[in-house]
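# Examining the three-dimensional arrangement
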Amino acid sequence: MKKINMVLAPIVDASIEELCSTLFPECLKIADLGCSSGPNTLLVVSDIIAIIQNTFRKLNLPPPSLQAFLNDLPRNDFNTVFRSLPGFYNKLDEEHENKSGPCFIAAMPGMS
Ligand SMILES: C[S@@+](CC[C@H](N)C(=O)[O-])C[C@H]1O[C@@H](n2cnc3c(N)ncnc32)[C@H](O)[C@@H]1O
């Protein structure tokens, strides 16, 4: 866990476990409203992906595909976020030994 704190982690964990063990989704969508554009921007998404991967492994389900939607105000530097994506995908492959499902990231400027 890098960004999701000790208080929040068990809540996210339990919600994802409940969702996965009742609906068995093949695709999960994550929205980060107010994602910013610094070095921390994709850490929340990474943490949530790690929880999803662990939960699916525990439930013996194949890894789902993931869609992450990033949103912030129009002045946010989305180009920086997009430039960081190759590094993010490499790290994802390393951390999950190329076993995670496909992950697509989209960003939308606007007031959420
Ligand atoms: C405290 S920062 C959090 C940044 C990042 N999520 C993090 O945890 O490091 C809040 C972010 O919310 C964005 N924000 C504020 N009002 C917003 C709105 N109405 N719609 C979308 N983003 C908004 C700001 O531009 C800022 O990037």
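These notes cover the structure that comes with them. This is a predicted model, so every value here is computed, not measured. Along each chain, residue indices are assigned from 1 in the same order as the chain's sequence is written. Totals for whole chains, interfaces and linings use all residues, but because this is a predicted model, local features are given only for residues with pLDDT of at least 70 and pairs of side-chain atoms are given and counted only at 80 or more. Hydrogens and waters are ignored; side-chain quantities use all the structure's heavy atoms.

### A look at the nonpolar core
If you look at the biggest cluster of nonpolar residues, it comprises 25 residues, and the most contacted ones within it are Ile49, Ile52, Phe88 and Ile105. Listed by contribution, the elements that provide at least two residues to this core are helix 1 (8-23), strand 1 (27-33), helix 2 (43-58), strand 2 (65-72), helix 3 (78-83), helix 4 (85-95) and strand 3 (103-109). Ranked by residues supplied to this core, first place goes to helix 2 with six residues. Whether two residues touch is decided by their heavy atoms; if any such pair falls within 4.5 Å, the residues are in contact. Other than its neighbours up to four places away in sequence, isoleucine 49 contacts Ile30, Leu66, Phe88, Leu92, His96 and Cys103. Among the buried residues, those of types Ala, Val, Leu, Ile, Met, Phe, Trp, Tyr and Cys that are joined through side-chain atoms within 4.5 Å form a nonpolar core. Three exposure classes are used, based on accessible area relative to the maximum for each residue type with a 1.4 Å probe and protein chains only: buried under 20%, partly exposed in between, and exposed over 50%. In this description a helix means any DSSP run of H or I spanning at least four residues, a strand means any run of E spanning at least two, and both kinds are numbered starting from the N terminus.

### A short note on the packing of aromatic side chains
Stacked, edge-to-face and tilted labels apply to pairs of Phe, Tyr and Trp rings (six-membered ring for Trp) whose centres lie within 6.5 Å, assigned for plane angles under 30 degrees, over 60, and everything in between, in that order. Throughout the structure, instances matching the rule amount to one aromatic pair. Aromatic side chains phenylalanine 88 and tyrosine 89 sit 5.6 Å apart centroid to centroid with 65 degrees between the ring planes, which places their arrangement in the edge-to-face category.

### So, the pattern of salt bridges
By salt bridge we mean one thing: a side-chain nitrogen of Lys or Arg within 4 Å of a carboxyl oxygen of Asp or Glu. A complete count under the given rule lists three salt bridges for this structure. In this structure, glutamate 95 engages lysine 91 in a salt bridge whose closest nitrogen and oxygen atoms are separated by 3.9 Å. Of this pair, glutamate 95 and lysine 91 both sit in helix 4, separated by four residues, roughly a single helical turn. By relative accessible area, which is 41% here, glutamate 95 ends up partly exposed. With relative accessibility at 34%, the residue lysine 91 sits in the partly exposed group. Glutamate 97 is the partner of lysine 99 in a salt bridge, and the nearest nitrogen-oxygen pair spans 3.5 Å. Comparing lysine 99 with glutamate 97, the two get one shared label, exposed.

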